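Fold and contact review
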Amino acid sequence: MSNSKKIKSALISVFHKDGLDEIVKSLGNLGVKIYSTGGTQKFVESLGVPVTAVEDVTGYPSILGGRVKTLHPGVFGGILARRDNAQDLEQLKQFNINEVDLVIVDLYPFEDTVASGADNQAIIEKIDIGGISLIRAAAKNYKDVVIVASKAQYAQLADLLKTKNGETDEEDRYDLARQAFGVSSHYDSAIFSYFDREKNDAIRVTADGQMHLRYGENPHQKGAFYGAFDKMFEQLHGKEISYNNLLDIDAAVSLISDFDDTTIAILKHNNACGVAVRPTLLQAWKDALAGDPESAFGGIVIANRNVDKATAEEMNKIFFEVVIAPSYDADALEVLKQKKNRIILIRKDCPIAEKTVRTCLNGFLVQDRDLATESADALENKGAREATKEEIADLIFAQKIVKHTKSNAIVLAKNQQLLGSGMGQTSRVNALKHAIEKAHHFGLDLNGAVLGSDAFFPFGDCVEIAHKEGINAVIEPGGSIRDNETIDFCKANGMALVFSGVRHFKH
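It should be emphasised that the depicted structure is a prediction, and the values quoted were computed from it without experimental measurement. (Residues numbered from 1 in each chain as written. Predicted model: local features only at pLDDT ≥ 70, side-chain atom pairs only at ≥ 80, totals over all residues. Heavy atoms only, no water.)

Next up on the list: the pairing of strand β22 (residues 473–476). Of the two faces of β22, the one carrying A473 and I475 and the one carrying V474 and E476 are both buried. Judged from the three bridges that link them, strand β21 (residues 450–453) and β22 form a sheet pairing that is parallel. What sits directly across from G452, in β22, is I475. A crossover links β21 with its parallel partner β22, the connecting element being helix α18 (residues 461–468), and its sense is right-handed. As judged from the four bridges shared by β22 and strand β23 (residues 496–499), these two strands associate in the parallel manner. Across the sheet, the residue bridging to I475 is V498, located in β23. Assessed by its sense of winding, the connection that carries the chain from β22 through helix α19 (residues 483–492) to β23 is right-handed. (Buried < 20%, exposed > 50% of the residue type's maximum accessible area, 1.4 Å probe, protein only. Helix = DSSP H or I, 4+ residues; strand = E, 2+ residues; numbered from the N terminus. Pairing = 2+ DSSP bridges. Right-handed = clockwise from strand over helix to strand, strands pointing away.)

Take a look at the structure:
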């Protein structure tokens, strides 16, 4: 598959010029004839490298406000001509068309324009026509032509020019073509998704940047992560991130995003085993850990405030795999880095996807992310009394956690601290019993605690069990045909009961 080719001519038309100067100078030094358009032509000229305007090739200026510049047989013939096809070469000669051996192009920033909130007309104008056509043409003819479809490939091209003196093997060209079709398919998917945003007749999901993983969920499974992890996090220390780490990190970020006050959460297998909101991060850590110090071992920790040395020293007393925070004091990092494999991440200000996607059967399940959080004014009083201000705060706290806990889920909380949770149970009663057992195991007092449930109670047994433990305030969505059993028990026993009207199943 060698088929070595010398680059003798190049067409360059780009927006992103960072890193391009080295390439242009190399092409100039190699005597490559360069064709270009508009701002790129001026950029090449500013480097003192000879360049021919595309208009001189086509005989037409840029027209229709820049919509048509390179769409011409004089350009595409030179790119698509098969060098081993005598008829193609004869036609190039007949129509006085020069071969093009290298195409460097990028595309109008369609996705950035959509993200900016621009109006529809501005977005439509960012649908690239000439650029996408150049990419497809050059990539199709990779046996003879080199295609660079993004600034992400500038370094690869610069290295080829430097190490191979302007020659490329078919392996090089194939790899660049592969990447180019990745660029074009992603671009077209983004355009389709914009046009289909109201009907949602189909789904197009693309992600660049494979993160190497040693294996998947288990050692016998292959695994990979596709996405821009570096846009969300900066890794300061530690070992290679694993498949299971990524799942826990995702769960942790989703959970902490629901809290505004100083909060620490500890997670294990995607579920919270400790959460606390406190005036200081140090106290938040201590009280989060107190919720379940056993499960915390080997888990991950996430904070929504800067980590100081005092907090880091307390954290460092137990083993955990990952710590995530928006920032760290320098002396705190020194402490946390004492464990060489501990993954330390800075969470950047990057939005979470508004939809979730997962494989199901022979297709995909897509849904809006559960972004609903309860508020005091939306709660409907159904019990014997109104919940106190403190109970309301704890009930909302509990529901923020229950939303991110595997169903069936029950959360017990008091004073903005997770006391116990039951998750992934096949019955709600078992989830409650599990939560109570955990709280007792760690010596946590349930008197005055509140109960949060991800779904309605099918019977009145859960509130009866809770009441026996000293729990006197409950939040649930409501909606069971037996709601009256729960309501009647709470009224008869002086319990506060509020319906949120929002279910938080998580499967």
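Our next topic: helix α17 (residues 428–441). For α17, built from 14 residues, the straight-helix expectation of 20 Å at 1.5 Å per residue is met to within 8% by its first-to-last C-alpha distance of 20 Å. The complete set of buried residues in α17 reads R428, V429, A431, L432, A435, I436, K438 and A439. Taken from the residues just after α17, G443 is the one with a positive phi, measuring 70 degrees. (Expected span 1.5 Å × (residues − 1).)

What follows concerns the pattern of salt bridges. Considering all chains together, one arrives at 19 salt bridges under this definition. For the salt bridge of D144 with K5, the shortest nitrogen-to-oxygen distance reads 3.0 Å. Remark: K5 occurs in strand β1 (residues 5–6) and D144 occurs in the loop between α8 (130–140) and β6 (146–148); sequence separation between them is 139 residues. Exposure remark for K5: the relative accessible area of 23% places this residue in the partly exposed category. K164 serves as the salt-bridge partner of D169, at 2.9 Å between the closest nitrogen and oxygen. Taking the relative accessible area as the measure of exposure, D169 reaches 22% and is therefore partly exposed. Take K164: its relative accessible area is 29%, and that puts it in the partly exposed class. A single salt-bridge network, built from bridges that share partners, covers R83, E99 and D101. (Salt bridge = Lys/Arg side-chain N within 4 Å of Asp/Glu carboxyl O.)

As for its placement among the helices and strands, A138 is situated in helix α8. The buried category is assigned to A138, whose relative accessible area is 0%. Remark: the alpha-carbon pair of A138 and L282, spanning 144 residues in sequence, is separated by 58 Å. Non-local contacts of A138, meaning those with residues more than four positions away in its chain, are made with I79, V103, V145 and I147. (Contact = heavy atoms within 4.5 Å.)

All right, on to the packing of aromatic side chains then. If you walk through the whole model with that rule in mind, you get ten aromatic pairs. Considering the side-chain rings of Y142 and Y174, the 5.3 Å spacing of their centres and the 80 degrees angle between planes classify their relative orientation as edge-to-face. Note that Y142 is positioned in the loop between α8 and β6 and Y174 in helix α10 (residues 170–195), a separation of 32 residues in sequence. Residue classification places Y174 among the partly exposed residues on the basis of a relative accessible area of 42%. Its end group placed over the ring of Y108, K126 keeps NZ or CZ at 5.6 Å from the ring centre. (Phe/Tyr/Trp six-rings, centres within 6.5 Å; stacked < 30°, edge-to-face > 60°. Lys NZ or Arg CZ within 6 Å of the ring centre and 35° of its normal.)

What follows covers the sheet that holds strand β3 (residues 33–36). Whether parallel or antiparallel, the strands of a sheet pair through hydrogen bonds between backbone atoms. If you walk across this open sheet you meet the five strands as β4-β3-β2-β5-β6, and the pairing is parallel. Strands at the two margins of the open sheet, each flanked by one partner only, are β4 (52–53) and β6. As paired elements, β3 and β4 share two bridges and run parallel to each other. Residue Y35 lies in a different strand from β4, and its bridge partner there is T52.

A cluster of acidic residues, E313, D329, D331 and E334, forms a negative patch at the surface. When its relative accessible area of 32% is taken as the criterion, D329 is described as partly exposed. (Patch = residues over 30% accessible without salt bridge, like charges linked within 9 Å, V, L, I, M, F, W, Y side chains within 5 Å. Areas by Shrake-Rupley, 256 points an atom, 1.4 Å probe, with all protein chains shown as cover. Lys, Arg positive; Asp, Glu negative; His and termini not counted. Charge placed at Lys NZ, Arg CZ, Asp CG, Glu CD.)

Let us now look at helix α16 (residues 389–402). For α16, built from 14 residues, the straight-helix expectation of 20 Å at 1.5 Å per residue is met to within 8% by its first-to-last C-alpha distance of 20 Å. Of all the 14 residues making up α16, eleven are buried; the element is thus mostly covered by neighbouring parts of the structure.

With respect to the helices, strands and loops of the structure, K406 is situated in the loop between α16 and β19 (410–414). A residue is classified by how much of its surface remains accessible, and K406, at 40% relative accessible area, is partly exposed. Separated by 135 residues in sequence, K406 and N271 have C-alpha atoms that sit 7.0 Å apart. Those residues in contact with K406 that lie beyond four places of it in its chain are N271, M423, G424, K506 and H507.

Moving on, we come to the packing of α18 against α19. Where α18 meets α19, the axes come as close as 8 Å, and the angle between the chain directions of the two elements is 25 degrees. By the angle between their axes, α18 is roughly parallel relative to α19. Here α18 contributes V463, E464 and H467 to the contact with α19, which in turn contributes T486, F489 and C490. (Axes fitted to C-alpha atoms, helices over the stretch in contact; angles between N-to-C directions. Parallel < 35°, antiparallel > 145°, perpendicular 65-115°, else oblique.)

Its location among the elements puts A81 in the loop between α4 (73–80) and α5 (86–94). Among the residues examined, A81 registers a relative accessible area of 5% and is labelled buried. A sequence separation of 16 residues divides A81 from I97, and the C-alpha atoms of the two residues are 9.8 Å apart. Non-local contacts of A81, meaning those with residues more than four positions away in its chain, are made with D88, L92, N141 and D144.

Here we come to the nonpolar core. In this structure, I249, V275, I324 and L345 are the most contacted members of the largest nonpolar core, which totals 42 residues. Sequence-distant contacts of L345, that is, excluding residues within four places in its chain, are made with F229, F233, E234, Q235, I241, I249, V322, V323, I324, A325 and Y328. Residues Y35, V105, F110 and Y194 belong to the second largest nonpolar core, which totals 31 residues. (Core = buried A, V, L, I, M, F, W, Y, C linked by side-chain atoms within 4.5 Å.)

Moving on: the side chain of D172. Among the structural elements, D172 can be located in helix α10. Among the residues examined, D172 registers a relative accessible area of 15% and is labelled buried.

All right, on to the side chain of T40 then. Relative to the helices and strands, T40 resides in helix α2 (residues 38–46). Contacts of T40, omitting those with residues within four sequence positions, involve I12, S13, V14 and K17.

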